[in-house]
2 protein chains.
Amino acid sequence: MKGGGVAEKQAEEKSTGRARGIDRVIALMEHLHSRRAPTRIADIARDTGTPRSTMYELVNTLVEARWLELRDGDGTVYFGPAMHYYGSDYLDSVDLIRKARVEVAHIAETVGETAQFCTLDGDKYLVVLNEPGRRMFRISSEIGIKVPIPWTASGRLLVDHMAADEIRRFIPPEDFVLPDGRRIAEDEFLEDIGRARTQGYVRTTALVDRFTTCLAAPVRDAAGRCIATICFVVPADTTEEAQQGMIDTLKASAERLSPGRP
Amino acid sequence: MKGGGVAEKQAEEKSTGRARGIDRVIALMEHLHSRRAPTRIADIARDTGTPRSTMYELVNTLVEARWLELRDGDGTVYFGPAMHYYGSDYLDSVDLIRKARVEVAHIAETVGETAQFCTLDGDKYLVVLNEPGRRMFRISSEIGIKVPIPWTASGRLLVDHMAADEIRRFIPPEDFVLPDGRRIAEDEFLEDIGRARTQGYVRTTALVDRFTTCLAAPVRDAAGRCIATICFVVPADTTEEAQQGMIDTLKASAERLSPGRP
DNA sequence: GACCGATGTCCGATATTTCGGACAAACGGT
DNA sequence: ACCGTTTGTCCGAAATATCGGACATCGGTC
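Residues numbered from 1 in each chain as written. Chains lettered and ligands numbered in written order. Predicted model: local features only at pLDDT ≥ 70, side-chain atom pairs only at ≥ 80, totals over all residues. Heavy atoms only, no water.

Q: Just to check I follow, could you spell out unusual backbone geometry for this structure?
A: Only a minority of non-glycine residues have a phi that is not negative, and only a minority of peptide bonds are not trans. All names here are of chain B. Positioned with a positive phi, R66 is a non-glycine residue whose angle comes to about 65 degrees. Of note, the phi angle at A206 is positive, near 55 degrees, even though the residue is not glycine. Here A206 lies in the loop between β7 (202–205) and β8 (212–220). With a relative accessible area of 21%, A206 lands in the partly exposed category. (Helix = DSSP H or I, 4+ residues; strand = E, 2+ residues; numbered from the N terminus. Buried < 20%, exposed > 50% of the residue type's maximum accessible area, 1.4 Å probe, protein only.)

Q: What's the story with the domain arrangement of chain A in this structure? I'm lost.
A: How big an interface is tends to be expressed through the accessible area that disappears when the partners come together. Looking at chain A, the domain boundaries give domain 1 (21–83) and domain 2 (94–257). Domain 1 of chain A and domain 2 of chain A are separated by 33 Å when their C-alpha centres are compared. (Domains from an automatic or database assignment.)

Q: Please clarify how the relation of the copies chain A and chain B should be interpreted in this entry.
A: Two copies of a chain can be linked by a rotation about an axis combined with a shift along that same axis. Overlaying chain A with chain B gives an RMSD of 0.0 Å, the required rotation being 180 degrees about an axis along which the chain moves by 0.0 Å. Expressed as an axis order, the relation between the two copies is that of a two-fold axis. The residues that chain A uses at the interface reappear at the interface of chain B in 100% of cases, marking a shared surface. (Least-squares fit on C-alpha atoms with pLDDT ≥ 70 in both. Contact = heavy atoms within 4.5 Å.)

Q: Looking at this structure, I do not really get the UniProt feature "domain: HTH iclR-type" (unreviewed entry) in chain A. What am I missing?
A: Here, UniProt's "domain: HTH iclR-type" (unreviewed entry) annotation points to residues 19–81 of chain A. From the first C-alpha to the last, residues 19–81 of chain A spans 27 Å; its make-up is 59% helix and 19% strand. (UniProt positions renumbered as here; feature names shortened; annotations may be inferred.)

Q: Quick question: what am I supposed to make of the packing of helix α1 (residues 21–35) of chain A against helix α4 (residues 81–93) of chain B here?
A: When two helices pack together, their arrangement is given by the angle between the helix axes and by the axis-to-axis distance. The geometry of α1(A) relative to α4(B) is characterised by a closest axis approach of 10 Å and an angle of 50 degrees between their N-to-C directions. With respect to α4(B), the axis of α1(A) lies oblique. Every pair of crossing elements has a handedness; the one defined by α1(A) and α4(B) is left-handed. Taken together, the residues of α4(B) that come into contact with α1(A) (itself represented by M29(A), E30(A) and H33(A)) are Y85(B), Y86(B) and D89(B). (Axes fitted to C-alpha atoms, helices over the stretch in contact; angles between N-to-C directions. Parallel < 35°, antiparallel > 145°, perpendicular 65-115°, else oblique. Left-handed = near helix turned anticlockwise from the far one by under 90°.)

Q: I would appreciate a short explanation of the state of the cysteines in the present structure.
A: Here, disulfide denotes a covalent bond that connects the sulfur atoms of two cysteines. Residues and elements named next belong to chain A. Using the criterion set out here, one finds zero disulfides over all chains in the structure. In this structure C226 is not part of a disulfide, and its nearest cysteine sulfur, from C118, lies 10 Å away. You can call C226 buried: its relative accessible area is 4%. (Disulfide = S-S within 2.5 Å.)

Q: Can you walk me through the interface of chain A and chain B in this structure?
A: Facing the 49 residues of chain A at the interface are 49 residues of chain B. Around 4000 Å² of area is buried between chain A and chain B when both sides are counted, 59% of it from carbon and sulfur atoms. Linking chain A with chain B are six salt bridges, by the criterion used here. D89(A) is the salt-bridge partner of R36(B), the closest N and O atoms lying 3.1 Å from each other. Here chain A is connected to chain B by 18 residue pairs in polar contact (both at pLDDT 80 or more). At the level of secondary structure, the elements contributing two or more residues to the side of chain A that touches chain B comprise α1, α3 (52–64), β2 (68–72), β3 (75–79), α4 (81–93), α5 (95–111) and β5 (124–131) of chain A. For the side of chain A that touches chain B, the element with the most residues is α4(A), which contributes 12 residues. The class makeup of the residues in the side of chain A that touches chain B is 21 nonpolar, 11 polar and 17 charged. (Buried area = accessible area lost by both parts, 1.4 Å probe. Salt bridge = Lys/Arg side-chain N within 4 Å of Asp/Glu carboxyl O. Polar contact = N/O pair within 3.5 Å; in protein donor to acceptor, adjacent residues only side chain to side chain. Nonpolar A, V, L, I, M, F, W, Y, C, P; charged D, E, K, R; others polar.)

This is the structure:
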């Protein structure tokens with residue numbers, strides 16, 4: 001529609017179309033991660049701007065290394081077991097994450113609701129660990145997906161060390177617009193942050209999802225700066241009493257994860 | 001030995017030392033996985049036979065993509081967060097593994113001992129999921145590490161669909177030698193397998209580790225073939241009573257994971 | 001049965017990436 | 001302060017990996 005669509009979102013290659021295999025592979029993996037589903041080789045080639053013959057060649061190599069796996073029997077590929085091994089090595093190698101796994105698993109199991117461990121990545125919010133609760137209808141974000149800070153409860157904790165105008169500069173303006181088009185007022189957002197700091201936790205309801213409430217508590221470093229959060233994702237109609245219990249649970253876990261205590 | 005060695009399975013380098021970037025990257029990641037620790041770039045280059053300048057170039061690319069991370073400030077690198085994201089995508093995409101995560105997390109939490117989910121990879125045993133228990137001294141194998149089948153309790157279940165001589169052909173002879181040099185008698189091993197099949201579980205003690213007992217139960221496909229196991233790793237002095245309870249727990253979990261039931 | 005689109009393989013040419021080696025800077029021991 | 005070792009960057013040359021396009025298959029549709 002319309003006339004002059006510019007339409008270049010990619011804009012990667014500079015001179016020629018030729019690229020290194022490794023760069024093609026990175027684009028390939030990134031693409032699979034964003035699609036989050038087994039994908040046909042030809043589609044990957046098209047969507048990443050990789051020549052078809054090159055993509056076949058690379059996929060063969062990666063399948064052999066178990067980085068990728070052929071799925072189903074239709075010609076789709078997706079991540080293979082090697083990624084799981086390498087990812088586990090990463091989790092084990094980061095002290096805070098290793099401890100957080102224990103906490104998240106524990107509170108998700110005992111409380112029975114989805115629990116998460118989150119941090120910032122640049123100016124976006126990021127779910128690092130996610131442990132689904134016992135509910136049938138799992139409410140849970142996906143690991144490794146970046147989300148605008150204002151959309152989340154945790155986001156209100158993760159920037160609470162910044163001054164007001166610092167925050168305004170830090171968060172891209174468009175990130176205050178929710179998926180449904182509503183706009184979060186910056187003042188209210190800043191108020192939330194202030195209240196969160198004094199209360200030691202945050203609660204948000206019906207932000208990204210109309211029927212979901214998020215409860216989050218801050219993990220702080222020795223200097224008191226919020227470096228991560230631990231949180232519950234629960235149905236909005238959860239009783240106030242139950243929510244209070246979860247908040248206490250979160251605060252206790254967050255405290256245990258905060259470096260600089262015995 | 002003897003004369004007639006036929007095939008080289010490796011057969012990688014043919015003429016020159018030159019290799020594709022992607023192959024060097026695969027070797028790099030494999031090396032980090034086997035070392036299981038942040039490693040200096042020069043060391044990786046030496047140990048993988050990659051030219052130093054090439055390795056630096058590749059590492060820079062991979063660090064930018066978050067596949068790798070510079071650690072500590074000394075010049076070591078290790079896996080980065082991207083691996084965790086891709087690995088999580090893999091786990092979520094495999095039906096049996098996704099269900100197994102729930103079971104393993106649940107029984108590890110409720111029983112308080114290390115629980116694992118294991119399969120075969122070729123002719124080796126492989127830990128796919130590992131959830132540490134509440135013990136101080138964590139007894140737990142590492143994810144993604146291959147182990148000879150006879151060294152493990154689960155191994156005795158995973159080959160129980162094969163005939164005796166089929167098993168003898170399947171398992172490399174050297175795999176019957178334990179880390180401490182002791183040799184597992186093939187007959188006893190085969191007996192173990194038979195007993196396991198009738199009992200519906202396996203117990204082994206002081207196999208790889210003198211003070212450790214493993215309890216394992218089979219996950220079977222619709223045809224009754226053992227496709228995976230779920231198991232506990234506990235101290236050898238755990239009371240018989242407690243072990244019986246764990247065996248029941250394992251059998252129940254394994255049953256839930258076995259495809260072909262409501 | 002002819003047509004169309006998608007899948008996977010193969011091949012030769014050339015633009016490019018790998019490689020070796022040189023170099024500067026940082027480090028550490030004596 | 002001296003010297004040997006290690007880390008990280010840079011550069012030109014040449015071996016080769018990427019690319020485009022052709023081709024053979026397969027499956028579904030009209």
